[in-house]
Structures are given as C-alpha cells and as structure tokens.
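# Structure at a glance
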Amino acid sequence: MLNLKLSHNPLIQYRPIRTSDLEVLEKIHGDLFPIRYESEFFQNVVNGRDIVSWGAVDRNRPNGQSDELIGFVTARTVLAKDSDIEEFLRYDSSRSEQTLIYILTLGVADSYRNLGIASSLIREVIKYASNIPTCRAVYLHVISYNNPAIYLYKKMSFQCVRRLSAFYFINGQHYDAYLFIYYVNGGRSPCSPLELIKLLVISAKSGFKTVAAKLWRKEERKPSKWSKCKDSGSLLPTKHNKRMSTEGALSQFV
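Residues numbered from 1 in each chain as written. Predicted model: local features only at pLDDT ≥ 70, side-chain atom pairs only at ≥ 80, totals over all residues. Heavy atoms only, no water.

### Some points on the packing of aromatic side chains
Note the threshold: Two rings from Phe, Tyr or Trp (for Trp, the six-membered ring) form a pair when their centres sit within 6.5 Å of each other. Planes less than 30 degrees apart are called stacked, planes more than 60 degrees apart edge-to-face, and all others tilted. In this scheme, a residue with accessible area under 20% of its type's maximum is buried, one over 50% is exposed, and one in between is partly exposed, where area comes from a 1.4 Å probe on protein chains only.
Applying the stated criterion across every chain yields a total of 12 aromatic pairs. Their ring planes at 65° and their centres at 6.2 Å tell us that Tyr37 and Phe42 sit as a pair that is edge-to-face. Both residues of the pair, Tyr37 and Phe42, belong to the buried class.

Next up, the structure:
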C-alpha cells in the first residue's frame, strides 16, 4: 500500500551503513531523537568500529537519492558477564565468551513510517545475533512514553522484563525506560517464581521436604526487590544502575 506521504511506490532494500552515509545518518538522528549524539558515535557507526549497523534505502527514490538512507539500526556486541542484564539470563557463567547484542538506535524517516521498515531492521539484528553461536540474546531500552516502539517490540516477541525509574535525563527532565529482551540460541530467562514453586513441590514429593522448607524460609526473609510491570505483567526489579549516557540511550522506533 502506498504511503500517503510518498508520491511514488517505494522499493525498500537493506544494506550495511557506509562512510558515505555519515551526513544523512547524522541528520536523521538529529530529526528523530531529542538528544544530540557525539560525532564519535557516528564515526564509529559508518566505519564499523565496535558497532554493527544496517541501513534501509528506497531504490525508487527520485533525484539521485535511491541509495540515501531512510532508516537505520545500530547495535553493539557485549559480553554477557559484563552486561547489566546478567540477572535475566540463564547461561553458563563459566563460559566467559558468551555474548549479547545491544540495540543502540533505531529510526525511520517520517515519510517512510508504517511500511514495516523498522520490523525488517530488527529482524536483521535478530538474524545476525542468531548466527553468532556465543550470543544468547538481543536487548534494548525504550523510553516509557514511546508507545509505538513498545507495541512493536512486543509484537516481535521481545519480553519486557524491567521498568527503570528515571533512567533517562533529557533536557533537564527524568524519564522511565523499559528493558526488552529477545532470547536466541537457547538463551532463556532465569527460573521464574512460578517455576521455583513447581521445583519445590517436585522436591517435596521426592522426599526433600526439609530442604525445600529451608529454601522457602530463606526466600521469605529476603526483602522483595520486584514490582509488577502493569504493561506486560512481567516481574520488574525496582532497583537498577542508572545510565545517563547518550549513546544508545533511546533505542527508539520512530
């Protein structure tokens, strides 16, 4: 279906971001995000320094603009053991090589929205992560008022696992954020409270009632660190490490 904001039928293709995209990449970020990124960030993106990226282009775009970016996603590989989501992973901590992919920024030019471009860019990241044997998940943060992004990630089977209070500091104001995770290559979340209860029941039936009772009392003595996410029904810890950095701070779909 033709986007009413476009005067032609777009032909969207995807490719890596190149050094020739620098100016347009900076402009789109400036148009879409309420914060300003350092020039070093853009240099790292276009030169592939510690950042992987995909760009969307419209091959039917007129006036010699058929190879100009109209959408993008940028991401970085991080070690699972060094990430701030380690508590949400069930993996072998003795294997120090296990990794994650963190989505830094995601955006689509205004006139090209609602064409499935953001979804396709995310699928590129998921495919990339799935092809890395050591990778266990793709994750990102979304500012709490960005309802289109929240809807998109839920639709694409990302799990909302945490709400972070005052995570962002933009133009003198604090904003909450949601943490979303998409597990790959056998990565999975740790034992949920329901799974823990089931495990204790099984242990009791197996003759380990005393051990189960001790474990249960131990958990009861611990102060609760979980609050309920009203949007997703997930269990969310109330404490977190605040991040005020601008690089990858928004991870928004726009």
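### Quick look at helix α4 (residues 147-155)
Note the cut-off: Secondary structure follows DSSP: runs of H or I at least 4 residues long count as helices, runs of E at least 2 residues long count as strands, and numbering of each begins at the N terminus. Throughout, the arc means that of the directions going from the helix axis to the C-beta atoms. Only heavy atoms matter for contacts: two residues are in contact if any of them lie within 4.5 Å across the pair.
Of all the positions in α4, only Ala149, Ile150, Leu152 and Tyr153 are classed as buried. Viewed end-on, α4 has its buried residues packed into an arc of 165°, placing them on one side of the element. For α4, exposure combined with an orientation more than 90 degrees from the buried face picks out Asn147, Tyr151 and Lys155. Residues of α4 that are buried make contact with β4 (99-108), α3 (117-130), β5 (135-143) and β7 (173-183). Looking one or two residues past α4, Ser157 carries a phi angle of roughly 75°, positive in sign.

### Here's the deal with the packing of helix α1 (residues 22-32) against helix α2 (residues 39-46)
The condition that has to hold: Simply put, an axis is a line fit to the C-alpha atoms, just over the touching stretch for a helix, and the angle between two N-to-C directions goes from 0 to 180 degrees. These descriptions rest on fixed angle ranges, namely under 35 degrees for roughly parallel, over 145 for roughly antiparallel, 65 to 115 for roughly perpendicular, and the rest for oblique. Note on convention: the crossing is left-handed when the near helix lies turned anticlockwise from the far helix by less than a right angle, right-handed when the turn is clockwise.
Where α1 contacts α2, the two axes come as close as 10 Å, and the packing angle between them is 130°. On the basis of the axis angle, α1 is oblique to α2. For the element pair α1 and α2, the recorded crossing hand is right-handed. Seen from α1, the contacting residues are Leu22, Leu25, Glu26 and His29; seen from α2, they are Phe41, Phe42, Gln43, Val45 and Val46.

### Quick word on the environment of Tyr178
What counts, and what does not: Here a polar contact is taken to be a pair of N or O atoms separated by no more than 3.5 Å, where protein atoms must pair a possible hydrogen donor with a possible acceptor and residues adjacent in sequence count only if both atoms sit in side chains.
Tracing the backbone through its elements, the reader meets Tyr178 in strand β7. Note on Tyr178: relative accessible area 3%, which makes it buried. The sequence separation of Tyr178 and Ser144 amounts to 34 residues, and the corresponding C-alpha distance is 6.1 Å. Here Arg163 takes part through its side chain, which lies 2.6 Å from a polar atom of the side chain of Tyr178.

### Brief notes about the confidence of the model for the protein chain
Where we set the bar: Scored from 0 to 100, pLDDT records how confident the predictor is in each individual residue.
Of all residues in the protein chain, 71% have pLDDT values of 70 or greater, and the mean over the chain is 80. Within the model, the stretch residues 207-215 combines pLDDT values under 50 with five contacts to residues more than four positions away or in other chains. Counting contacts from residues 222-250, a segment whose pLDDT is below 50, to residues more than four positions away or on other chains yields 80 contacts.

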